[in-house]
Every structure is written in structure tokens, then in C-alpha cells.
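Each chain, letter by letter, is given below.
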Amino acid sequence: MNEDYLGRIGTLIRDARRHQNLTQTELADLLRTSQSAIARIEQGKQNLSLEMLARIGEKLDSEFVAVGSTVPQNLRIDGGVQLAGEIDVRTSKNAAVALLCGSLLNKGRTTLRNLARIEEVNRILEVLASIGVRTRWLPDSNDLEIAPPERLNLEAMDEAAARRTRTIIMFLGPLLHEFTEFSLPYAGGCDLGVRTVEPHMSALHQFGLDVTATHGAYHAHVDRAVTPQRAIVLTERGDTVTENVLFAAARWEGTTVIRNASPNYMVQDLCFFLQQLGVTIEGIGSTTLTVRGVKEIDVDVEYSPSEDPIEAMSLLAAAVVTESEITIRRVPIEFMEIELALLEGMGMKYELTPEYPSANGHTRLVDLRTIPGPLTAPLDKVHPMPFPGLNIDNLPFFAIIAACAQGSTMIHDWVYENRAIYLTELTKVGAKVQLMDPHRVMIEGPTRWRAAEVICPPALRPGVVILLAMLAAPGTSVLRNVYVINRGYEDLALRLNALGAGIQTFRDI
């Protein structure tokens, strides 16, 4: 390897390490080498074998070398062009992961129709396969067939795949019906700061689950004599904690009342799916769910998850930042109404078709046509709230929209410790973003976008925000290490190219 190449690889490794909040010494311990060796690698002064590069990539959740892989590592964007045409919203990432976990409740065959083929789903499928679940994509489709074994083999779990997704925490609810003792690896996923799992433990404790966290794993013990004696009040209205309690309640023969439950889109999809499994659920779409479970579930079932409101917001933001008129089809309007109301207040114009149903028979869809025009900053700060408020995952897209608007906008991300910090990466492509504290940024618009080379933030939505900004920036930009985007979006670059974007995928090796 020449010195220039070693230097570039060293920089990539250094930045990936910092994104994982690891010191050189901590990374050295993971690799069973010395801190001085890590320092030489990051300075480009150490020859590297492909084996060592692969080991470093595994520990840092970054793909430095791939052989025969179809997953893009980097994106090259020729920006400054308007988009045009029509694009469909794909089905929900977060519904997909909930339904995959929910399939563990069923002894029969589960078929999920039109599922998102994304990296997050791939990691869960790797975990499921390792413990004995048979899955296959049906020919020429995005339909996934899932068939469980007689008994799950948790000892064989693919820990590397499990650690690359936060979804593993959602195995607690289904598995407590199958085992009295089991262990799960610590959860991974986006790097968004400390997100406590205490609400999960507190709620599931009422079903007899007791969890001890030791180095690298959750160790669970289930006391079958313990059952809910009163309503379960969630200490936070979280999506995944609501789903975990639904899993626990689904196969308990009594009646479970869940208060302060999330009524968000993925929770509703899970409720509709559980109803098809024979579970009775009242209050879907509200913050109080009443669940009457069944002891055993053994049915062949098909379910179609609804469309993804976060992807719909992503495409809407792409239209705004590129000043484009596009038609976004199959928008789940119930979960976009607050966002659209806020955008209307900023001066955005758009047209909606009459509503029609999603394939799940419940979710209301519309087609949305964007109309380019000037925007002004909102009078108040922009902040998320639990549904039916502005979706937490849609908040980062208001940062790029605010950068297009006249005036100053404060974005307040009170949920995550680090995500607001990642929005400051927009400064590299020309935005004026001032970090007020770990949760708030002030954005001054409008922006004169400029091309740049940026390493993708290790959080899904901020990564897409940088990509969309590059679509608006005249010239050629490079976004490196985009695995995190592929976790949540299927063929995003190809689909944007169909609207007129110029995005190429490439690798350094």
C-alpha cells in the first residue's frame, strides 16, 4: 500500500473510531493490539493486511473493505439540479422490524408482504437464521416468508449481527414466553447517545421478567408465577417499549391494560398484525391499549405493513431543498399532518389527492405534489412530540428545510443527546448552523449550498439530511461510508436518480 492510500485509510479509521466514542486504547483492546499500533494506523504509518482491515471494520461497524458486495460504501453526488417525476413511498422500516420480532410469537408460517429490503432487516434476518428460524424472499418480490423451528436455539445466536441493531432489545417480549432463562447481546444501531432500556425492564417485570446487565449481554430470568395485577403504566411513551409489552401481553391469557402507550405508526401496524394472530386489542391509535392474549399462536398468516412516513418526509425535504415539483405517492397522511401544517406555516404550497387505503386495510394514504416557492422561518422553535405530534425521526429534515427558509429557526431535539450535534455537519455544505447545546441548534437561512466531501454521520436521519443537502449543492460532493443510510432506506440513490438526481455509488478499493 502506498503512503497516500494508507493515510486515507487511517483517516477513515480515526473518524469511525471517534464516531463510536472509543479511545485509541479501547480500540486496541478490542483488537488485542497496542495503542501505539492504532496511533500508527491512524497516521498512515502502518501497513495493513486485508484481515486486519476487516477486523477493524467489524469492531467499528464500518465497511472499509468488501469483496463481491452489492452494498454501496460511498456516494458521489452531482448536485445543483432540480428533480421531477413521481416516486412511491416504500413500506415502513420500523414496522418491518416490529413485525419480524412479532413473528417469533407464531408457531405457524408468517408471510410479510412488500417488506423493506434494508440493512436493518438483513441484520435481523441473520439473527433469526442463526437461532433456527427459516426465512426466504419469495421469487421476484419483496415478500418474506418466515417459518419457526420447533425450538429456538439461542446459544447459536449471531452476536455480530445482533450487536449491529437496536432491535435485539425487542426480542425480550417474545422470548419470555419460550424460556425461563436466556441471554441477549447488548443492542447497537445508530450512535445517538445513551438511550435507556429501563422502561422496557420496568414494564416487562410485571410479566415476571428480571434482567441483569453484565459485560456485553442482558441476562434474563422469567418467573412464570408473576403476572400483571394492574394496568401497566409506561414511564415513557416509547415505540419499542410499547411493542415489547404488546409481545408480552399477546401470549398471556389474561387481560393487559397498557397506559401511556405509543399510538405511533409502527405500533399500529403491530397491533393489526397481532389481531390477525388471534389477539384481541382495543384502543388502537390511542394511548390506552387493552390486550386479551392467547396462550399459543399457531396460524399461517399474511400481513402487509403500511408505508413509511419518515421516508415520505425525506422525499418531501428532497423536493424542498432542490426547489423541485415532484409527486410523492402513497403518503401515510395520518402521520404527516402535523409536519404539513408546520410547513404550511412556513409558506410551503402542495396539493393532496383524496385518501385511499394502504394494503393493510387501515392506514390512510394520499399522493402529494410539491409546489416550489419561498419559505420563511417558523415563529416558534421546531421540536418533536409523541404521536400525534411532530415525529421525532422527522425532526432532522426540518433542519435542512430551515436552511432553505428566510430567517432563523431553532431546532430542539430533546430526545437524543447527540443527534443535534450531527446536524452541524451541514456547515460543511454551506449551511449556517450554530450549536446552542447538545440538544439545540440555530439555523440561519437561506443557504448557498456548496459541494464538499463528508463522512456520513453514524445516525440514520442526519446521514440522509447531508445527502439531500448535497443534491442541492452545485458541483460534485462525496458522502463516505453510507452503511447507516442503507439501514433504513431501500435503493434510495437509484430512486432519487429516477427523479433526475445524479448519484453514483463507489468504493475506495
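Anything mentioned here points back to the structure above.
The present account deals with the structure reproduced in this document. Just so you know, these numbers come straight off a predicted model, no measurement behind them. (Residues numbered from 1 in each chain as written. Predicted model: local features only at pLDDT ≥ 70, side-chain atom pairs only at ≥ 80, totals over all residues. Heavy atoms only, no water.)

**As for the overall build of the protein chain**
Going by this rule: In DSSP terms, a helix is any run of H or I states spanning at least four residues, a strand is any run of E spanning at least two, and both are numbered starting from the N terminus. For the radius of gyration, the atoms used are the C-alpha atoms, and the globule rule reads 2.2 Å times the number of residues raised to 0.38. Throughout this description, buried means an accessible area under 20% of the type-specific maximum (1.4 Å probe, protein chains only), exposed means over 50%, and partly exposed covers the range between. In this analysis, two residues are considered to be in contact whenever any of their non-hydrogen atoms come within 4.5 Å of each other.
Summing up its helical and strand segments, the protein chain has 18 helices and 23 strands in all. Whereas a compact globule of 509 residues would reach a radius of gyration of roughly 23 Å, the protein chain reaches 23 Å, a difference of no more than 12%. Summarising its shape, the C-alpha atoms of the protein chain cover approximately 65 × 60 × 45 Å along the three principal directions. Burial status across the protein chain gives 57% buried among its 509 residues. Of all intrachain contacts in the protein chain linking residues separated by at least 6 positions in sequence, the fraction that spans at least 24 positions is 73%.

**A short note on the sheet that holds strand 21 (residues 453-455)**
Heads up, the rule is: For two strands to be treated as a pair, DSSP must find at least two bridges joining them. Comment: axis = line fitted to C-alpha atoms, over the contacting stretch for helices; angle = value between 0 and 180 degrees taken between N-to-C directions.
Ordered by their spatial adjacency, four strands build an open sheet running 21-22-1-23, and the pairing between neighbours is mixed. In this open sheet, the two strands that pair with only one neighbour each are strand 21 and strand 23 (502-506). Taken over all neighbouring pairs, the strand axes of this sheet differ in orientation by 20 degrees on average, direction set aside. Inspection of the sheet shows strand 1 (residues 74-79) paired to strand 22 (residues 475-480) by five bridges, in the antiparallel sense. The residue bridging Asp78 from the neighbouring strand is Thr476, located in strand 22.

**Brief notes about the packing of aromatic side chains**
Applied cut-off: Only the six-membered ring of Trp is used, alongside the rings of Phe and Tyr, when aromatic pairs are assigned; centres must lie within 6.5 Å, and planes under 30 degrees apart are stacked while those over 60 apart are edge-to-face, with the rest tilted. Throughout this description, the term charge over a ring refers to an Arg CZ or Lys NZ atom that lies within 6 Å of the ring centre and within 35 degrees of the ring normal.
Scanning the model with the defined rule gives five aromatic pairs in all. With 6.2 Å between their ring centres and 85 degrees between their planes, Phe207 and Trp252 make a pair best called edge-to-face. Residue Phe207 is found in the loop between helix 9 (198-204) and strand 7 (209-214), and its partner Trp252 is found in the loop between helix 10 (239-250) and strand 10 (255-259); the two are separated by 45 residues along the sequence. Put simply, the rings of Tyr265, Phe335 and Phe387 pair up and form one aromatic cluster. Across from the ring centre of Phe506, 4.0 Å away, lies the NZ or CZ of Arg76, which sits over that ring. When the ring centre of Trp137 is taken as reference, the NZ or CZ atom of Arg117 above it lies at 4.1 Å.

**Structural notes on the nonpolar core**
Put simply, the rule is: Among buried residues, those of type Ala, Val, Leu, Ile, Met, Phe, Trp, Tyr and Cys that are joined through side-chain atoms within 4.5 Å constitute a nonpolar core.
Within the largest apolar cluster, 148 residues are counted, with the highest numbers of intra-cluster contacts made by Phe171, Trp449 and Leu479. The residues touching Phe171, leaving out its near neighbours within four places in the chain, are Cys101, Leu104, Val127, Leu128, Ile131, Met157 and Leu184. Core analysis: the next-biggest nonpolar cluster, separate from the first, contains 14 residues, Ala16, Met52, Leu53 and Ile56 among them.

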